[in-house]
Amino acid sequence: MDAAATAISRVDLHTHTRASDGLLTPAELVDAASRRGLSVLGIADHDTVGGLTEASVRAAERGITLVPAVELSTTGTGAELHILGYFVDTTDGAFVAKLHELAEGRRGRIARMVELLNERGYPVSLDRVFALAGDGSVGRPHVARALMELGSVSSIGEAFDRFLGRNGPAWVPRAPFPPEEALALLTANGALPVIAHPHTTRGPREMIDRLLPHGLRGLECFYGEYTPAQHQALLQLANAAGLIPTGGSDYHGPNFKEGRELGSAPVPMSSYEALRDAHERAR
């Protein structure tokens with residue numbers, strides 16, 4: 001696959017909406033993608049597929065190919081390991097029920113984070129955090145936005161660095177959900193499991209070896225914050241393991257984090273085509 005970077009890619013396979021911790025509604029995100037000249041858009045909200053129906057309708061109106069997806073956060077790896085599931089079946093009742101269970105676990109975790117912040121003198125309101133999340137799946141970016149409103153931090157990145165990251169004073173571990181279980185859930189649904197932003201795992205090669213026997217299908221090589229050299233190194237790992245190299249910006253909204261602007265990751269059209277073809281063969 002050609003990993004040559006362009007100013008704006010036509011493909012972005014990793015974005016978020018207000019159904020989880022993004023800043024735009026699903027329709028607004030599709031509109032933004034249309035303005036940026038994207039032709040393929042993957043929406044992968046955290047632990048929910050609640051925004052995909054609205055996005056699908058608007059994508060059809062805008063002539064954009066929507067890739068329905070989800071992002072699952074797993075535990076038991078000693079680092080952050082997120083699994084993307086592409087071409088998810090939103091009509092799978094058992095799958096949606098499990099997502100609801102995961103989302104409820106998020107609410108408890110966020111409540112404890114707010115408690116820890118309050119104990120340290122930062123009067124974050126849990127009601128305000130949940131209000132920022134609206135009907136979507138609540139997450140740490142909502143806590144970060146509440147901290148910004150208080151003037152305690154100047155950016156979401158600062159909130160994660162000072163308070164909400166793994167070594168921060170308000171860090172709360174997730175409930176047990178090993179990646180093997182996430183892959184089994186996605187595979188049973190018919191979705192294609194892909195490791196998201198592999199460098200957060202601290203050992204991409206080891207994680208690939210661990211998850212290949214459990215149905216891993218892809219690796220996010222062309223990630224928005226990574227350098228061209230990192231893209232190429234991950235691409236070599238994917239090719240060696242027979243994985244589909246995917247990519248995306250991890251866009252959450254305007255000015256969310258540097259390197260995550262919509263369409264900024266150099267994702268080749270062949271990444272989408274390989275995912276699409278693999279899904280069609282599986283069906």
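Rules behind the numbers
- Residues numbered from 1 in each chain as written.
- Predicted model: local features only at pLDDT ≥ 70, side-chain atom pairs only at ≥ 80, totals over all residues.
- Heavy atoms only, no water.
- Helix = DSSP H or I, 4+ residues; strand = E, 2+ residues; numbered from the N terminus.
- Rg over C-alpha atoms; globule rule 2.2 N^0.38 Å.
- Contact = heavy atoms within 4.5 Å.
- Areas by Shrake-Rupley, 256 points an atom, 1.4 Å probe, with all protein chains shown as cover.
- Salt bridge = Lys/Arg side-chain N within 4 Å of Asp/Glu carboxyl O.
- Buried < 20%, exposed > 50% of the residue type's maximum accessible area, 1.4 Å probe, protein only.
- Pairing = 2+ DSSP bridges.
- Phe/Tyr/Trp six-rings, centres within 6.5 Å; stacked < 30°, edge-to-face > 60°.
- Lys NZ or Arg CZ within 6 Å of the ring centre and 35° of its normal.
- Axes fitted to C-alpha atoms, helices over the stretch in contact; angles between N-to-C directions.
- Parallel < 35°, antiparallel > 145°, perpendicular 65-115°, else oblique.
- Left-handed = near helix turned anticlockwise from the far one by under 90°.
- Nonpolar A, V, L, I, M, F, W, Y, C, P; charged D, E, K, R; others polar.
- Arc of directions from axis to C-beta.
- Polar contact = N/O pair within 3.5 Å; in protein donor to acceptor, adjacent residues only side chain to side chain.

Visitor: Is there a simple way to think about the overall build of the chain in this case?
Guide: Along the chain, the regular secondary structure elements total ten helices and seven strands. The C-alpha atoms of the chain give a radius of gyration of 18 Å, which matches the 19 Å a tight globule of 283 residues would have. Overall, the chain is about 55 × 40 × 40 Å in size when its C-alpha atoms are taken along their principal axes. Long-range pairs, those at least 24 residues apart, make up 72% of the contacts in the chain with a sequence separation of at least 6. Carbon and sulfur atoms form 49% of the exposed surface of the chain, whose accessible area is close to 11,700 Å².

Visitor: Where do I start with the pattern of salt bridges in this structure?
Guide: Opposite charge on two side chains permits them to pair, given that their charged atoms come into close proximity. Evaluation of the coordinates by the stated rule reveals 15 salt bridges. We note a salt bridge from Glu 101 to Lys 98, for which the minimum N-O separation is 3.1 Å. With Glu 101 and Lys 98 both in helix 3 (residues 93-119) and three residues apart, the pair spans about one turn of that helix. Through salt bridges that share partners, Asp 31, Arg 58, Glu 61 and Arg 62 make up one connected network.

Visitor: Would you explain unusual backbone geometry in this entry?
Guide: Phi is mostly negative for residues that are not glycine, and the peptide bonds are mostly trans. A positive phi is found at His 197, a non-glycine position, where the angle reads about 25°. As for its position among the elements, His 197 is in the loop between strand 5 (192-195) and helix 8 (204-211). With relative accessibility at 7%, the residue His 197 sits in the buried group. Backbone geometry places Asp 250, a non-glycine residue, at a positive phi of 60°. On the secondary structure map, Asp 250 appears in the loop between strand 7 (244-248) and helix 10 (269-282).

Visitor: So what exactly am I meant to see when it comes to the pairing of strand 4 (residues 81-86) here?
Guide: Side chains on a regular strand alternate between the two faces of the sheet. Burial analysis of strand 4 places six of its six residues in the buried class, the great majority of the element. Going residue by residue along strand 4, you find Leu 81, Ile 83 and Gly 85 tucked away on one face and His 82, Leu 84 and Tyr 86 tucked away on the opposite face as well. If you look at the hairpin formed by strand 3 (residues 65-74) and strand 4, you'll find six residues sitting between the two strands, and Gly 76 has a positive phi there, around 85°. Bridge count between strand 4 and strand 5: four bridges; the pairing is antiparallel. Within the sheet, the bridge partner assigned to Ile 83 lies in strand 5 and is Ile 195.

Visitor: What is the right way to read the packing of aromatic side chains from this model?
Guide: One pair of aromatic rings is described through two measures. These are the centre distance and the angle between the planes. Taken as a whole and assessed by the stated rule, the structure comprises two aromatic pairs. Aromatic side chains Tyr 122 and Phe 163 sit 4.7 Å apart centroid to centroid with 70° between the ring planes, which places their arrangement in the edge-to-face category. Separated by 41 residues along the polypeptide, Tyr 122 in the loop between helix 3 and helix 4 (126-133) and Phe 163 in helix 6 (residues 156-164) bring together distant segments of the chain. Its end group placed over the ring of Phe 130, Arg 107 keeps NZ or CZ at 4.0 Å from the ring centre. Its guanidinium or amino end placed over the ring of Trp 171, Arg 109 lies 4.8 Å from that ring's centre, counting from NZ or CZ.

Visitor: What should I look at first to understand the sheet that holds strand 4 in this one?
Guide: Whenever strands of a sheet pair, they do so through backbone hydrogen bonds, lying parallel or antiparallel. Strand order in the open sheet formed by seven strands is 1-2-3-4-5-6-7, with mixed pairing between adjacent strands. Of all strands in the sheet, those with a lone pairing partner are strand 1 (11-15) and strand 7, marking the two edges. For this sheet, the mean angle separating the axes of adjacent strands, direction not counted, is 30°.

Visitor: Please explain the packing of helix 3 against helix 4 as it appears in this structure.
Guide: In a pair of packed helices, the angle between the axes and the distance between the axes together describe the arrangement. Remark: helix 3 packs on helix 4, axes separated minimally by 10 Å, with the N-to-C direction vectors making an angle of 140°. It follows that helix 3 is oblique to helix 4 by the angle criterion. Considering the relative orientation of helix 3 and helix 4, their crossing is right-handed. For the pair helix 3 and helix 4, the contacting residues are Arg 107, Ile 110, Ala 111 and Val 114 in the first and Leu 126, Val 129 and Phe 130 in the second. Looking at side-chain class alone, the contact of helix 3 with helix 4 contains six nonpolar, no polar and one charged residues.

Visitor: What should I look at first to understand helix 4 in this one?
Guide: Three or four residues apart is the spacing at which side chains of an α-helix point the same way, because the helix has 3.6 residues per turn. Those residues of helix 4 not exposed but buried are Val 129, Phe 130, Leu 132 and Ala 133. The arc that holds every buried residue of helix 4, seen down its axis, measures 155°, which confines them to one face. Sitting at the amino-terminal end of helix 4 is Ser 125, which places a side-chain oxygen 3.3 Å from the backbone nitrogen of Asp 127.

So, to be careful, I would describe these as geometric facts and stop short of saying anything about function.
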